[in-house]
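Overview (structure and organization)
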Amino acid sequence: MRPDAMILSAYLDGEVPERFVPDIEAAIEREPDVRAAYERLVALRSRLDVDLPFDVAESSRRSWTAVMREVPGRRRDIWRRRVAVPLPLLAAAAAGIAILAGALLWTTLQPIDATPQYARGGDIDLTFRVGETDMERVLQWLVDKNMLGEVNIQLPEQRFQIVGEPVFVRPAQYEGGRLR
Amino acid sequence: MFERVYEHVYPILIRIVYRITGREDVAEELCQEAFIKYYERIDSFPDTDQAKYWLIRVSKNLALNSAKRSGRERRAYERAYHEPSRLLRSGEDEMIRREQEVAVQSALRQLPEKMRTVLILKEYGQLNYREIGAVLGITEGNVKVRVFRAREHLLDLLKESDVYAS
């Protein structure tokens with residue numbers, strides 16, 4: 001095998017498959033013109049391999065400081081971020097959302113209980129105004145319906161000067177602003 | 001992630017960008033600009049290699065644009081390579097070495113952009129053909145051909161300038 005100049009260039013860069021290397025090295029050793037061509041490439045690389053006229057480590061430190069001054073004020077593109085979510089976590093989150101949505105739907109679709117509270121056996125507070133002449137009839141009606149539990153009667157304080165124990169007075173006993 | 005990529009890639013970037021621009025201060029600024037751009041989209045890179053290729057591509061483009069814009073590329077190279085060396089050598093050897101460096105870098109500058117870029121990435125970026133292909137968006141075979149042609153062209157230029165010594 002007689003390697004051409006392009007193969008020698010690739011060989012110089014370590015880019016030739018291993019199986020060809022022994023033949024190339026043998027050709028460089030054996031063939032003066034192949035050796036000369038290869039040595040030209042080596043010499044060129046040597047000339048290109050010159051030191052930088054400054055210290056790379058020092059340059060790196062300077063630039064790091066400059067970059068760190070700029071970076072905090074920079075906005076990072078949110079829409080380009082890659083987000084890695086573990087599959088089990090994603091599945092658990094999806095299940096949780098499904099359960100919450102189901103519960104909300106179930107609650108929303110429940111029929112509203114329109115039965116009055118008193119019909120369900122609960123106590124109710126009822127306030128109504130009754131003229132003084134109808135009080136007895138109202139009380140009697142409540143007794144007849146077996147609905148009379150506790151009745152609070154609010155009297156206008158400025159009209160009564162109650163002294164002693166309160167007495168239940170039937171409206172029938174009250175006539176013309178006096179008790180009969 | 002950002003710091004790790006910076007530590008790994010900065011030395012490569014600064015060598016590449018400096019060889020294109022020929023100026024230390026400009027090279028540093030362009031590398032900084034590339035890393036700030038990288039920070040803004042850091043989450044879009046799946047791994048360090050992709051970040052590295054992107055950074056090299058961006059900084060290489062920034063450097064080429066900067067060099068074209070300024071029009072000072074040749075003078076910068078000559079200035080850079082006439083600066084005092086940090087290595088201790090005898091005066092005459094040093095002068096010869098400097099002249100050869102200037103000649104080689106000047107010849108490198110005369111290469112067509114595609115050849116120059118691929119050779120700079122190879123020689124100063126220390127990238128293999130696969131990596132160069134990833135940076136430039138070309139195949140490994142294409143990289144091999146471009147590197148070879150760049151070397152041949154560079155050797156011809158050096159022969160013409162009578163600097164190359166076998």
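Please read all numbers here as calculations on a predicted model, not as lab measurements. Throughout this description, residue numbers start from 1 for each chain and increase along the sequence as written. Written order determines the labels here, with chains lettered from A and ligands numbered from 1. Per-residue local features of the predicted model are confined to residues with pLDDT of at least 70, and side-chain atom pairs are confined, for both listing and counting, to 80 or more; whole-chain, interface and lining totals are unaffected and use all residues.

This part takes up the overall build of chain B. Summing up its helical and strand segments, chain B has 8 helices and 0 strands in all. A run of H or I in DSSP counts as a helix once it spans at least four residues, and a run of E counts as a strand once it spans at least two, with each numbered from the N terminus. Each helix (α) and strand (β) of chain B, taken in turn from the N terminus, gives the series α-α-α-α-α-α-α-α. Residue burial is a threshold on neighbouring C-beta atoms within 10 Å of the residue's own C-beta, all placed from the backbone, with 20 or more meaning buried, 12 or fewer meaning exposed, and counts in between meaning partly exposed. By residue count, 43% of the 166 residues in chain B fall in the buried class. Of all intrachain contacts in chain B linking residues separated by at least 6 positions in sequence, the fraction that spans at least 24 positions is 68%. A pair of residues counts as a contact when their C-beta atoms, built from backbone coordinates, are within 7 Å of each other.

Looking now at the overall build of chain A. A tally of regular secondary structure across chain A gives 6 helices and 2 strands. In sequence order, the secondary structure elements of chain A are arranged as α-α-α-α-α-α-β-β. By the burial criterion, 8% of the 180 residues in chain A qualify as buried. Look at the contacts in chain A between residues 6 or more apart in sequence, and 51% of them connect residues 24 or more apart.

Residue and element names in this part refer to chain B. Here helix α5 (residues 91-110) contains 20 residues, and its C-alpha end-to-end distance of 29 Å stays within 8% of the 28 Å for a straight helix at 1.5 Å per residue. Turning to α5, its buried residues are Glu-101, Val-104, Ala-107 and Leu-108. One face of α5 carries all of its buried residues, which in axial projection span an arc of 130 degrees. Within α5, the exposed residues directed more than 90 degrees away from the buried face are Gly-91, Glu-92 and Met-95. Every helix has an expected span of 1.5 Å times one less than the residues it contains. Note: the arc covers the axis-to-C-beta directions of the helix.

To continue, consider the nonpolar core. Only buried Ala, Val, Leu, Ile, Met, Phe, Trp, Tyr and Cys residues enter a nonpolar core, and they are joined through C-beta atoms within 7 Å. Among the nonpolar cores identified, the biggest contains 49 residues, and Leu-13, Ile-16, Val-17 and Cys-31 of chain B are the most heavily contacted of them. Elements that contribute at least two residues to this core include exactly α3 (32-48) of chain A together with α1 (2-21), α2 (24-40), α3 (48-70), α5, α6 (113-123), α7 (129-136) and α8 (140-160) of chain B. With 11 residues, the top contributor of residues to this core is α1 of chain B. Ignoring anything within four residues of it in the chain, the contact list for Leu-13 of chain B reads Cys-31, Ala-34, Leu-55, Ile-56 and Ser-59 of chain B. Formed by 5 residues, the second largest nonpolar core is a distinct cluster that contains Ile-7, Leu-8, Val-34 and Tyr-38 of chain A.

Given a rise of 1.5 Å per residue, 17 residues ought to cover 24 Å, and the 25 Å separating the end C-alpha atoms of α2 of chain B matches this to within 8%. For α2 of chain B, the complete set of buried residues consists of Val-26, Ala-27, Glu-28, Leu-30, Cys-31, Gln-32, Ala-34, Phe-35 and Tyr-38 of chain B.

Contact residues are listed per partner, giving 36 residues for chain A and 36 residues for chain B. Those elements giving two or more residues to the side of chain A that touches chain B turn out to be α1 (5-12), α3 and α4 (56-70) of chain A. At 9 residues, the largest contribution of residues to the side of chain A that touches chain B is made by α4 of chain A.

A word on the environment of Ala-26 of chain A. All names here are of chain A. Relative to the assigned elements, Ala-26 resides in helix α2 (residues 21-30). Taking the C-beta count within 10 Å as the criterion, Ala-26 has 13 such neighbours and is therefore assigned partly exposed. For the pair formed by Ala-26 and Met-1, sequence separation is 25 residues and the distance between their alpha carbons is 9.0 Å.

Below, the discussion takes up the packing of α3 of chain A against α8 of chain B. Note on method: axes are straight lines fitted to C-alpha atoms, helices fitted across the in-contact stretch only, with angles between N-to-C directions ranging 0 to 180 degrees. Packing of α3 of chain A against α8 of chain B brings their axes to within 11 Å, and their N-to-C directions diverge by 80 degrees. As summarised for this structure, α3 of chain A and α8 of chain B are arranged roughly perpendicular, according to the angle between their axes. Where α3 of chain A approaches α8 of chain B, its residues Arg-40, Leu-41 and Leu-44 of chain A are matched on the opposing element by Arg-151, Leu-154 and Leu-155 of chain B. Amino acids outside the nonpolar list (Ala, Val, Leu, Ile, Met, Phe, Trp, Tyr, Cys, Pro) and the charged list (Asp, Glu, Lys, Arg) are all regarded as polar, and Gly is one of them. Its residues placed into classes, the contact of α3 of chain A with α8 of chain B shows 4 nonpolar, no polar and 2 charged. Oblique is the label for any angle not covered by the other classes, which are roughly parallel (under 35 degrees), roughly antiparallel (over 145) and roughly perpendicular (65 to 115).

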